[in-house]
Amino acid sequence: MTRISADFDVVVIGGGPGGSMASTLLADFGKSVVLFETAKFPRYHIGESLLSGTADLLKRIGVLDRLEDAGYIKKYGVEWVWGDRREPWTVYFKDALAMPYDYGYQVERGPFDQMLLENAREHGVDAREQHKVTDFAIAPDGSATVDFENTATGETGRVTARWIVDASGQGGLVTKRLHTQEWDDYLRNMAVWTYWKGAKRPPGLDAGNTFLPTFSDGWWWFIPLRDDITSVGAVVDRQAFQEKKGMGLEAYYKECVEKTPELADRLKDAEQVDEIRVQRDWSYIYDGFAGDGYIACGDAACFIDPLFSTGVHLAMLSGFLAAVTVNTVLDKPEFDRGRVLDFYENAYRKEFARLRAQVYFLYGGHGSSKDSYFWHARSQFDVPGIDPEKAFISLIAGAFTHRSWYRRYLERLDVPAELRGTIESIFAGKSAGANIDLDSVLIPGEDFTKADGFAVDGAHLRESVSLETREGASLALTPAMELLLELAADGSRTGRQLTEALVDQGACGQDQAQNLVHESVSYGFLTGVEKVRDGVR
Ligand SMILES: Cc1cc2nc3c(=O)[nH]c(=O)nc-3n(C[C@H](O)[C@H](O)[C@H](O)COP(=O)(O)OP(=O)(O)OC[C@H]3O[C@@H](n4cnc5c(N)ncnc54)[C@H](O)[C@@H]3O)c2cc1C
């Protein structure tokens, strides 16, 4: 692509978490970025519970400390009353795989989104609030014009840019026009919620946990926020809602509370401090996320469901990936643009599909045991032999797929030494539950292929060849990895000996070699054949 003369390199539409993430990174990468946000911040938004996996994305754009300083409530786990018994069960993020942080935050989206947007400005983004994008056009060369209206003054204007990032949320300004929105027939629920002061919370570290009890019409979220405020919302089947809404929202909400004794108990001495709010939360995905001149992130591309609180995480994760993708398209015209955009879309779709499958399973399995949820999560995972509960927690923490990114960030993360040791051992494959025995003879597994693709490498994507399992796990085919497979091919070495050989032949240092062997076994690129006796190969 030839360099186009434009007012800006990139126009970002929308200043939610997806838009702030993408714009901040693009500005960091040296691009000139204008962001239009129709609202004046702070503005109200639903979506208050963040995943522990979001913490290092926040760290990446330098806001994690601010979140900490602002005193947002930390959630260390999620308590469920879900399944065939009404006995509550809790999962903790500390038990997730490959997580640099063992907690997420519960945030009021008004100040949280404002903080992200202000941070974007500090990174050089020209962020304009009360600027509504009214139209756009993309020329055949991919360059774009974007029309806006200043909603405070009524003035209108136009900018030109080399690329558009659509981060306009559920409105999907660009995607709605250029793509088909595929609604999910199964996930068409309604959310009915309000805020309470003084709701009963569990003691100690559990006080900030999200609480998710089911009841006959659906399920509840109970999200503890600062200042003793709690967000309490019911997600109900739209049919049930239609039938009951004639009784009035207040009465319907009250009836739902009464049907859920565990929740009623928490609210019995609390005071309702806001109106009842309603929103449909239908799941959808567009049939395309990107094309010449534009890319969509966050809800502008797809939305799953509130159940696992994945919205902000996916918005920030896709914002990160979108930024690297756009930066690559703009800086590296030698790369096939279609392939680069496909990398982005495939990565985001894969994450969407995995999480949606688990949401389906929990909805379908209202009456099943918690163990069935854990086992289903395991089937979504690309690590053979992973403990089912760990798989479930990792999935709802936003963990595993991004393991290699976490590893890369780990060096830069401010993680307590004790936790760092734990994470490093996880990265080393020791906690993957794959029962790696270094004294087993290892040979290359059979169930993987080589694939040409891209890998995130700093501010850009780079061409990479990777090994991929049938489940979709992949590992870069580095020279060290190539040598490892070569050394294992004749079935004469144990894991320990392979590690030594990698070091002896100068492929990598001891720790790296050990990691590579563990990781290869965890993914199934190497498999054990037999246990050997001391000294016998
Ligand atoms: C009932 C419910 C509960 C939820 N609970 C959770 C939860 O607990 N945790 C969680 O992580 N997620 C939750 N979500 C999802 C979460 O709200 C979204 O996924 C998340 O906000 C998506 O971020 P985004 O940046 O893509 O879009 P948004 O946050 O919606 O930001 C889009 C921005 O674009 C602006 N905009 C729109 N059109 C224009 C235009 N034409 N010009 C300029 N600006 C424009 C909007 O004003 C808005 O500020 C929930 C969703 C629902 C419906």
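Structure's up top.
About the criteria used
- Think of each chain on its own: its residues are numbered from 1, step by step along the sequence as written.
- With pLDDT at 70 or above as the cut-off, local features in this predicted model cover only qualifying residues; side-chain atom pairs require 80 or more to be listed or tallied, and sums for whole chains, interfaces and linings still use all residues.
- Excluding hydrogens and water, the side-chain values take into account all heavy atoms of the structure.
- One heavy atom within 4 Å of a molecule or strand makes the whole residue count as near it.
- Throughout this description, a polar contact denotes any pair of N or O atoms lying within 3.5 Å of each other; where both atoms belong to protein, one of them has to be capable of donating a hydrogen while the other can accept it, and for residues adjacent in sequence the pair is counted only when both atoms sit in side chains.
- Only the protein chains shown count as cover for residues, and all accessible areas are computed by the Shrake-Rupley method using a 1.4 Å probe.
- Secondary structure follows DSSP: runs of H or I at least 4 residues long count as helices, runs of E at least 2 residues long count as strands, and numbering of each begins at the N terminus.
- Under the scheme applied, nonpolar residues are Ala, Val, Leu, Ile, Met, Phe, Trp, Tyr, Cys and Pro; charged residues are Asp, Glu, Lys and Arg; polar residues are all the others, including Gly.
- Just so you know, the domain bounds were taken from an automatic or database domain assignment.
- Salt bridges, as used here, are contacts in which a Lys or Arg side-chain nitrogen is within 4 Å of a carboxyl oxygen on Asp or Glu.
- Between buried and exposed lies partly exposed: a residue is buried under 20% and exposed over 50% of the maximum accessible area for its type, with that area taken using a 1.4 Å probe on protein chains only.
- DSSP calls a pair of strands paired once it identifies at least 2 bridges connecting them.
- In this analysis an axis means a line fitted to C-alpha atoms, helices contributing only their contacting stretch, and an angle means the value between N-to-C directions, from 0 to 180 degrees.
- Two residues qualify as a contact provided that any one of their heavy atoms is within 4.5 Å of a heavy atom in the partner residue.
- Every angle not falling under 35 degrees, over 145, or within 65 to 115 is termed oblique; those three ranges are roughly parallel, roughly antiparallel and roughly perpendicular.
- Less than a right angle of anticlockwise turn of the near helix away from the far helix marks a crossing as left-handed, whereas a clockwise turn marks it as right-handed.

A. Seen up close, the site of the ligand. By nearness alone, 36 residues border the ligand, and Glu-37, His-45, Ser-49, Asp-299 and Val-312 come closest of all. Between an oxygen atom of the ligand and a side-chain N or O atom of Glu-37, the distance comes to 2.7 Å. Contacts to the ligand include Gly-311, whose backbone N or O atom sits 3.3 Å from an oxygen atom. Protein coverage of the free-state accessible area of the ligand, which is 1,000 Å², stands at 93%. When residues of the shell around the ligand are traced back to their parent elements, those giving at least two are helix H1 (17-28), strand S8 (131-138), strand S16 (277-286) and helix H9 (311-331). Counted by class, the shell around the ligand contains 13 nonpolar, 16 polar and seven charged residues. In this structure, the shell around the ligand is formed jointly by two domains, domain 1 (8-45 + 107-179 + 288-357) and domain 2 (181-282), each of which donates at least three residues.

B. Examining the pattern of salt bridges more closely. The final tally for this structure, using the stated rule, is 30 salt bridges. The salt bridge partner of Asp-9 is Arg-162, with a shortest N-O separation of 3.1 Å. With Asp-9 in strand S1 (residues 8-13) and Arg-162 in strand S10 (residues 156-166), this pair connects stretches of sequence that are 153 residues apart. The exposure class assigned to Arg-162 is buried, which follows from its relative accessible area of 4%. One salt bridge connects Arg-277 with Asp-274, and the closest N-O pair in it is separated by 2.8 Å. Its relative accessible area of 23% is what places Asp-274 among the partly exposed residues. Shared partners join several salt bridges into a network, and the residues in it are Asp-217, Lys-244, Glu-255 and Lys-259.

C. Geometry of the sheet that holds strand S21 (residues 448-457). Read across the open sheet, the three strands follow the order S21-S22-S23; overall the sheet is antiparallel. The sheet terminates laterally at S21 and strand S23 (474-476), the two strands that pair on one side only. Across the sheet, the axes of successive neighbouring strands diverge by a mean angle of 40°, strand direction being ignored. The strands touched by H9 are S21 and strand S22 (460-469); relative to S22, the strand with the most contacts, the crossing angle is about 120°.

D. How the structure looks around the side chain of Lys-75. For Lys-75, the position within the fold is in strand S3 (residues 73-75). A distance of 2.7 Å separates a polar atom in the side chain of Lys-75 from a polar atom in the side chain of Ser-49. Among residues more than four places away in sequence, those in contact with Lys-75 are Ser-49, Leu-50, Phe-93, Asp-102, Tyr-103, Gly-104, Gln-106, Gly-208, Asn-209, Thr-210 and Ser-309.

E. Summary view of the packing of H1 against H9. Put simply, H1 and H9 touch, their axes get as near as 7 Å, and they point 30° apart. Taken together, H1 and H9 sit at an angle that is classed as roughly parallel. The hand of the H1/H9 crossing is right-handed. Along its contact with H1, which presents Pro-17, Gly-18, Met-21, Ala-22, Leu-25 and Leu-26, the element H9 presents Val-312, Ala-315, Met-316, Gly-319, Phe-320, Ala-323, Val-326 and Asn-327. A per-class count over the contact of H1 with H9 returns eleven nonpolar, three polar and no charged.

F. View of the packing of helix H16 (residues 495-504) against helix H17 (residues 510-523). It is at 9 Å that the axes of H16 and H17 come closest, and there the two elements cross at 135°. By the angle between their axes, H16 is oblique relative to H17. Crossing of H16 over H17 shows right-handed handedness. Across the interface between the two elements, Gly-495, Leu-498, Thr-499, Leu-502 and Val-503 from H16 touch Gln-510, Ala-513, Gln-514, Leu-516 and Val-517 from H17. Of the residues in the contact of H16 with H17, the class split is six nonpolar, four polar and no charged.

G. Structural view of unusual backbone geometry. In this model, Phe-41 is joined to Pro-42 through a cis peptide bond whose omega is 0°. For Pro-42, the location among the structural elements is in the loop between strand S2 (33-36) and helix H2 (55-60). Despite not being glycine, Asp-228 shows a phi value in the positive range, around 65°. Take Asp-228: it is sitting in the loop between strand S13 (218-224) and strand S14 (229-237).

That is the geometry; function is a separate question.
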